[in-house]
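Fold and geometry: a report
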Amino acid sequence: MHTIPHCPECGAPLVDGMNCCEMLGAILAWEWSDPELMQEHFLTVASYNLQHPAQFTNEMLTRLGEVYVQRLDNQLPIAEIRRRMGQATAGSTRVRKPEAERQPTLRHWRMTIANVYLPNQPVGAAGRVRAWAAAIRRERG
Ligand SMILES: [Zn+2]
């Protein structure tokens, strides 16, 4: 088996052999026993997606970036985020690029999902998600 030591998109190292997608799954699993983390579900998924943009269309990334900033800066309610993203993804609008059109580009970030997923340390994950999102917000400008 060939393993990639770092994520080709966000630059995060593998953690316990887990890639970014697997770390995201582990964090989402923690939500079930952590209501505070559950409340940050949007930030967790959106932060992951914004650091792994190759799979998405530009239109989708623009919309996601807008509600992300609104959430962080103005506490945009989740219901409103769902409404806006629902409009963006309604009907035939394509959200994801076909596999063949995806071109992952490495970008280095101050914080990645590897700073949020600490093996066997679910305590404090919500705070780590908020710090991660704040770092992305600053770096995105
Ligand atoms: Zn990654």
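These numbers come from a predicted model, not from an experiment.

1. Remarks on the coordination of the zinc ion
- Around the zinc ion, the protein contributes the donor atoms Cys7 (SG), Cys10 (SG), Cys20 (SG) and His52 (NE2), which lie 2.0 to 2.3 Å from the metal centre.
- With four donor atoms in place around the zinc ion and angles of 101 to 114 degrees between them, the coordination shape is tetrahedral.
- In primary-sequence terms, the residues that donate to the zinc ion follow C-x2-C-x9-C-x31-H.
- You can call Cys7 buried: its relative accessible area is 12%.

2. Considering the nonpolar core
- Phe42, Tyr68, Ile113 and Tyr117 are the most contacted members of the largest nonpolar core, which has 39 residues in total.
- Contributing elements (two or more residues each) for this core: helix H1 (20-30), helix H3 (41-51), helix H4 (58-74), helix H5 (78-88) and helix H6 (125-140).
- Ranked by the residues each element gives to this core, the list is headed by H6, at seven residues.

3. Comments concerning the side chain of Thr57
- Its location among the elements puts Thr57 in the loop between H3 and H4.
- Here Thr57 falls in the buried class, since its relative accessible area comes to 10%.
- Within the structure, Thr57 has its side chain in polar contact with the backbone oxygen of Arg94 (distance 3.2 Å).

4. Notes on the environment of Ile81
- Along the chain, the position of Ile81 falls in helix H5.
- Look at Ile81 and you get buried, because its relative accessible area is 3%.
- Sequence-wise, Ile81 and Glu66 are 15 residues apart; in three dimensions their C-alpha atoms are separated by 9.7 Å.
- Residues in contact with Ile81, not counting those within four places in the same chain, are Phe42, Val67, Arg71 and Leu76.

5. Looking at the packing of H3 against H4
- The interhelical angle for the contact between H3 and H4, taken along N-to-C directions, is 135 degrees, at an axis separation of 11 Å. On the basis of the axis angle, H3 is oblique to H4. Crossing geometry of H3 relative to H4 is assigned as left-handed. Together, Phe42, Leu43, Ala46, Ser47, Asn49 and Leu50 of H3 and Leu64, Gly65, Val67, Tyr68, Arg71 and Leu72 of H4 make up the contact between the two elements.
- Across the contact of H3 with H4, the residue classes break down as eight nonpolar, three polar and one charged.

6. Remarks on the layout of surface pockets
- Here the largest pocket defines a volume of roughly 360 Å³.
- Forming the boundary of the largest pocket are 16 residues, of which Cys7, Pro8, Asn19, Tyr48 and His52 lie nearest the centre.
- Class assignment of the residues belonging to the lining of the largest pocket gives a composition of ten nonpolar, four polar and two charged.

Cut-off values and rules
- Every chain begins its residue count from 1, and numbering advances along the sequence as written.
- Reporting in this predicted model follows two pLDDT cut-offs: at least 70 for local features of residues, and 80 or more for side-chain atom pairs to be given and counted; totals over whole chains, interfaces and linings ignore these cut-offs and use all residues.
- To get the side-chain values, all heavy atoms of the structure are used, and hydrogens and water are removed first.
- The donor set covers N, O and S atoms within 2.8 Å of the metal, switching to 3.2 Å for Na, K and Ca, and it leaves out water, so a site may look short of donors.
- Geometry assignment treats four donors as tetrahedral when all angles are between 85 and 135 degrees, treats four as square planar and six as octahedral when opposite donors are over 155 degrees apart and all others between 65 and 115, and treats everything else as irregular.
- Buried, partly exposed and exposed residues are distinguished by accessible area as a fraction of the type maximum, computed with a 1.4 Å probe on protein chains only: under 20%, between the cut-offs, and over 50%, respectively.
- What is meant by a nonpolar core is a set of buried Ala, Val, Leu, Ile, Met, Phe, Trp, Tyr and Cys residues, joined one to another through side-chain atoms within 4.5 Å.
- For the purposes of this entry, the term helix denotes a DSSP run of H or I that reaches at least four residues, the term strand denotes a run of E that reaches at least two, and both are numbered from the N terminus.
- As used in this structure description, the phrase polar contact means that two N or O atoms lie within 3.5 Å; if the pair is within protein, one of them must be able to donate a hydrogen and the other to accept it, and residues adjacent in sequence are counted only when both atoms belong to side chains.
- Contacts were defined at the residue level, with two residues in contact if any of their heavy atoms lie within 4.5 Å.
- An axis is simply a line fitted to the C-alpha atoms; with a helix, the fit covers only the stretch in contact. Between two such axes, the angle follows the N-to-C directions and lies from 0 to 180 degrees.
- Geometric relationships in this document are graded by angle, where less than 35 degrees denotes roughly parallel, more than 145 denotes roughly antiparallel, 65 to 115 denotes roughly perpendicular, and other angles denote oblique.
- Handedness of a crossing is defined here by the sense of rotation of the near helix relative to the far one, left-handed for an anticlockwise turn of less than a right angle and right-handed for a clockwise turn.
- Following the grouping adopted for this structure description, the nonpolar residues are Ala, Val, Leu, Ile, Met, Phe, Trp, Tyr, Cys and Pro, the charged ones are Asp, Glu, Lys and Arg, and the polar ones are all others, Gly among them.
- A cavity here means a set of points on a 1 Å grid, drawn over the protein atoms and nothing else, where a 1.4 Å probe fits but cannot get out; a pocket is an open set with protein on both sides within 12 Å along at least five of seven lines, and a residue lines either one if it has an atom within 4 Å of a point.
- Grid points are joined across faces, edges and corners, and a volume is the space filled by probe spheres set on the points.

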